[in-house]
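Examination of the molecular architecture
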Amino acid sequence: MKVFRNALVIFAIVGSVFCVSLLSSLPAAFVVRQVDKRVPLSQRAFELKMATGTVWDGRGWLSVGELGGELVWRATPAGLLRGSLPVALQMA
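Notes on the structure in this doc start here. (Residues numbered from 1 in each chain as written. Predicted model: local features only at pLDDT ≥ 70, side-chain atom pairs only at ≥ 80, totals over all residues. Heavy atoms only, no water.)

What follows is about a nonpolar patch on the surface. A contiguous nonpolar patch, built from Met1, Phe4, Leu8 and Phe11 and spanning about 570 Å² of accessible area, is present on the exposed surface. Here methionine 1 lies in the segment before helix H1 (2-24). The exposed category is assigned to methionine 1, whose relative accessible area is 84%. (Patch = residues over 30% accessible without salt bridge, like charges linked within 9 Å, V, L, I, M, F, W, Y side chains within 5 Å. Areas by Shrake-Rupley, 256 points an atom, 1.4 Å probe, with all protein chains shown as cover. Salt bridge = Lys/Arg side-chain N within 4 Å of Asp/Glu carboxyl O. Helix = DSSP H or I, 4+ residues; strand = E, 2+ residues; numbered from the N terminus. Buried < 20%, exposed > 50% of the residue type's maximum accessible area, 1.4 Å probe, protein only.)

This is the structure in structure tokens:
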């Protein structure tokens, strides 16, 4: 029984590390594609195209109506440990 419990703890640790590494390197383009599939164009207030980088640090072309520009974002997930998510946005 003790071997089973140890194996379960090791499996939980490995699974947690896998999930954290997956979230930390999640491509922004993947998230944009998922939103495009699920939200109709008529219900979107803005559209993000040509997204590169990760969800935490990336860039893309943001269009709001007929206006558009390059959006650069940087989020610090470690801020969640302090109770906030510091995000820096820059539009050019």
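Another point: the layout of surface pockets. Volume-wise, the largest pocket comes out at about 310 Å³. Those elements that place two or more of their residues in the lining of the largest pocket are helix H2 (28-38), strand S1 (47-53) and strand S3 (67-75). Take the lining of the largest pocket: its biggest share by element is five residues, from H2. Broken down by class, the residue content of the lining of the largest pocket amounts to twelve nonpolar, no polar and three charged. (1 Å grid on protein atoms, 1.4 Å probe; cavity = no way out; pocket = protein on both sides within 12 Å on 5 of 7 lines; lining within 4 Å. Points joined across faces, edges and corners; volume = space filled by probe spheres on them. Nonpolar A, V, L, I, M, F, W, Y, C, P; charged D, E, K, R; others polar.)

The next thing to look at is the sheet that holds strand S2 (residues 57-64). Pairing is antiparallel in the open sheet, where four strands are placed in the order S1-S2-S3-S4. Looking at strand neighbours, the two that pair on one side only are S1 and strand S4 (87-91), the edges of this open sheet. Going from strand to strand, the sheet's axes swing by 20° on average, the running direction of each strand aside. Sheet topology places S3 next to S4; five bridges connect them, and they run antiparallel. Within S4, the position partnered with alanine 75 by the bridge is valine 87. Sheet strands touched by H2: S1 and S3. Its angle to S1, the strand with the most contacts, is close to 155°. (Pairing = 2+ DSSP bridges. Axes fitted to C-alpha atoms, helices over the stretch in contact; angles between N-to-C directions. Contact = heavy atoms within 4.5 Å.)

What follows concerns the pattern of salt bridges. Across all of its chains, the model carries four salt bridges by this definition. Among the ionic pairs, glutamate 47 bridges to arginine 44, the shortest N-O distance being 3.7 Å. The partner of arginine 74 in a salt bridge is aspartate 57, with the nearest N and O atoms 3.2 Å apart. With arginine 74 in strand S3 and aspartate 57 in strand S2, the pair connects residues that are 17 residues apart, well separated along the chain. Sharing partners across several salt bridges, the network here consists of Asp36, Arg44 and Glu47.

Turning our eyes to something else, we now look at the side chain of serine 63. Within the secondary structure, serine 63 sits in strand S2. The class for serine 63 is buried, based on a relative accessible area of 15%. Other than its neighbours up to four places away in sequence, serine 63 contacts Phe46, Glu47, Lys49 and Gly68.

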